[in-house]
Amino acid sequence: MNKLLTVYDDTEPLNNVVNALSMDVNEVFYLYHHEEHRTAFTNIRKVIRGYKNIALHFIRPVDDAKEIDQILKDNDDVIVDVGGSKYLSLLLFDYANRNGNRIIYFDHEENVIKDYRTHTIIEQEIFKLTIKDVLMLRGGEITEYMHKGATDTRTKETIYQLFNDNLNNYSALMNYLSYLNKVLCGAKKVGNRAFRITKEQISEIKKDRCYAKIGDLFTIEGDRIVFKTARLVDVVTVSGTLLENYLYLKLLDAGQFDDVRMSVVVDFSDDRYDHPVKCEIDLLAIYNNRLMFVSCKSNKVETPALNEIYVHNSMFGNALSVPVICVCEDIDRHSPSMYAKAEELGIYMIDKSNMTELDFPEVFHRIITGAYKYDSL
C-alpha cells in the first residue's frame, strides 16, 4: 500500500489534491495547525473521492516533532510531500530526510511532480481537475447558468456571421439589438421564435443601417419578426449574450481546452451563511488545471470590471489560474491607462485586434501556456 504524508496548504488548493490524485497512493495524511478549515477538508474529500477511493486523515499534532516522527516510524514506506512552504513542511522535511523517506513536491511552473533528492520528474502526466473541482477547493459551487450556450449548427453559423460582420462597429450593433429587445418586450410572442409587431416598429427596424448586417438572424414576415432559431431570441433579449456565445463557441471549436462553461453562477456561501452568496462569471475555460476566468465587455473596460475579474480569480482560482477580459475595441489604443492597469494587475486583455487575427482564439492558448505578450503602449 502506497501512502502520502503532506501538510495542508491553506493558500494553494492545488497542493492539497494534485499529488494525491496523480500518484498511485491509497492513503493520505494531512498535517495542519489551525481549526478553522473544516469546510476546506470536506471539499478536499469531495474532490479526491470523486475519482479515487483514498483513505484521508487530517491530523492536528500537539507535539509536532514527536508525532511526525511517530507517523514516519509507523509508516516506513510513506512518501513525503514538502510542497508547502511553512513551518510544518520544513519540520516534516527535516524528519523525512533523516528517516530516509522518499521526498516529493509539486512544481507549479512546470506542472509536474518531482523527486526532491534527484530533482527528476516522477509524474509527467498530472491529474486533470475539472472546473467544478477547482471552484470546490475554494468553497465555490456552480449552482446555475444565467444563459444557455448555443451549440446547434444553425445558431452557431448565425452567431459567427453576426459577430464577424459587425465587429468593426460593434457598439452600433449593440444599440440595434437593444432597440430590438425593447420592441420584443412589448410584443406578443407567437410560437417559440416569432413575435407580432406593429408597422411602425417594422419600419424602424428596417431603416436602421444595422438591418443590412444582421445576416439570417431574423426575417420580417407580414406583421411578425421571425428568428432563425429559438436560441437566437436570447441573443437579442439578454444583454451581452452575443459576445459570450461567440467566445464560448470559438473555444469549444478550437478543441484546446479540457472544459468550457458559459454564464456560470457560483455560490460561495458554504456553511457560514444562511442565505446564498453568489457571483456570475461570463466564461470559464480550463486546460491542464490552468483555469481562465473571463469577463466579456462589449465596447469599454472600466476599473470596476478589472477589480471584479481580479477578485474572482483570487477567490476561486489557484497558482495556475488567470483573469482575462475580452472587449470588442482596441483597448490599448482607446484606453491605454486602463490597459496598463490591467497589465499591472496581471489581467490578460483580449481585444478587437486579437479577434481579427486569423488564428483567433489561439490567443487564449497563448495565455494558458504562458506565451502571451502585452502590446507595447
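Quick notes on the rules
Residues numbered from 1 in each chain as written. Predicted model: local features only at pLDDT ≥ 70, side-chain atom pairs only at ≥ 80, totals over all residues. Heavy atoms only, no water. Helix = DSSP H or I, 4+ residues; strand = E, 2+ residues; numbered from the N terminus. Buried < 20%, exposed > 50% of the residue type's maximum accessible area, 1.4 Å probe, protein only. Arc of directions from axis to C-beta. Contact = heavy atoms within 4.5 Å. Phe/Tyr/Trp six-rings, centres within 6.5 Å; stacked < 30°, edge-to-face > 60°.

Attention shifts here to the environment of E109. Following the sequence through the fold, E109 ends up in the loop between β5 (103–107) and β6 (112–115). By relative accessible area, E109 is classed as exposed at 74%. For the pair E109 and L320, spaced 211 residues apart in the sequence, the C-alpha separation amounts to 8.2 Å.

What follows is about helix α13 (residues 336–345). Turning to α13, its buried residues number three or more, namely M338, Y339 and A342. One face of α13 carries all of its buried residues, which in axial projection span an arc of 100 degrees. Of the residues in α13, the exposed ones pointing more than 90 degrees away from the buried face are S337 and E344. For α13, the secondary structure elements touched by its buried residues are α11 (303–316), α12 (331–334) and β17 (348–350). Once α13 finishes, G346 follows within two positions and takes phi at roughly 75 degrees, a positive value.

Another point: the side chain of N101. Tracing the backbone through its elements, the reader meets N101 in the loop between α4 (87–99) and β5. According to the relative accessible area criterion, N101 is buried, its value standing at 2%.

Next up on the list: the packing of aromatic side chains. Here the distance between the centres and the angle between the planes together describe a pair of aromatic rings. Inspection of the entire model under this criterion finds 19 aromatic pairs. Taking 6.4 Å as the distance between ring centres and 5 degrees as the angle between the ring planes, the aromatic pair formed by Y246 and F360 counts as stacked. Of this pair, Y246 sits in helix α10 (residues 241–254) while F360 sits in the loop between α14 (352–355) and α15 (362–368), and the two are 114 residues apart along the sequence. What makes Y246 buried here is its relative accessible area of 1%. Owing to a relative accessible area of 6%, F360 belongs among the buried residues under this scheme. On the numbers, 5.5 Å between centres and 65 degrees between planes, the contact of F268 with F316 is edge-to-face. Residue F268 is found in the loop between β13 (259–267) and β14 (278–287), and its partner F316 is found in helix α11; the two are separated by 48 residues along the sequence. This pair shows no difference in class: F268 is buried, exactly as F316 is. Connected via pairs of aromatic rings, a cluster forms that spans Y160, F163, Y170, Y246, F360 and F364.

Note that every value here comes from positions in space, so none of it alone points to a role or purpose.
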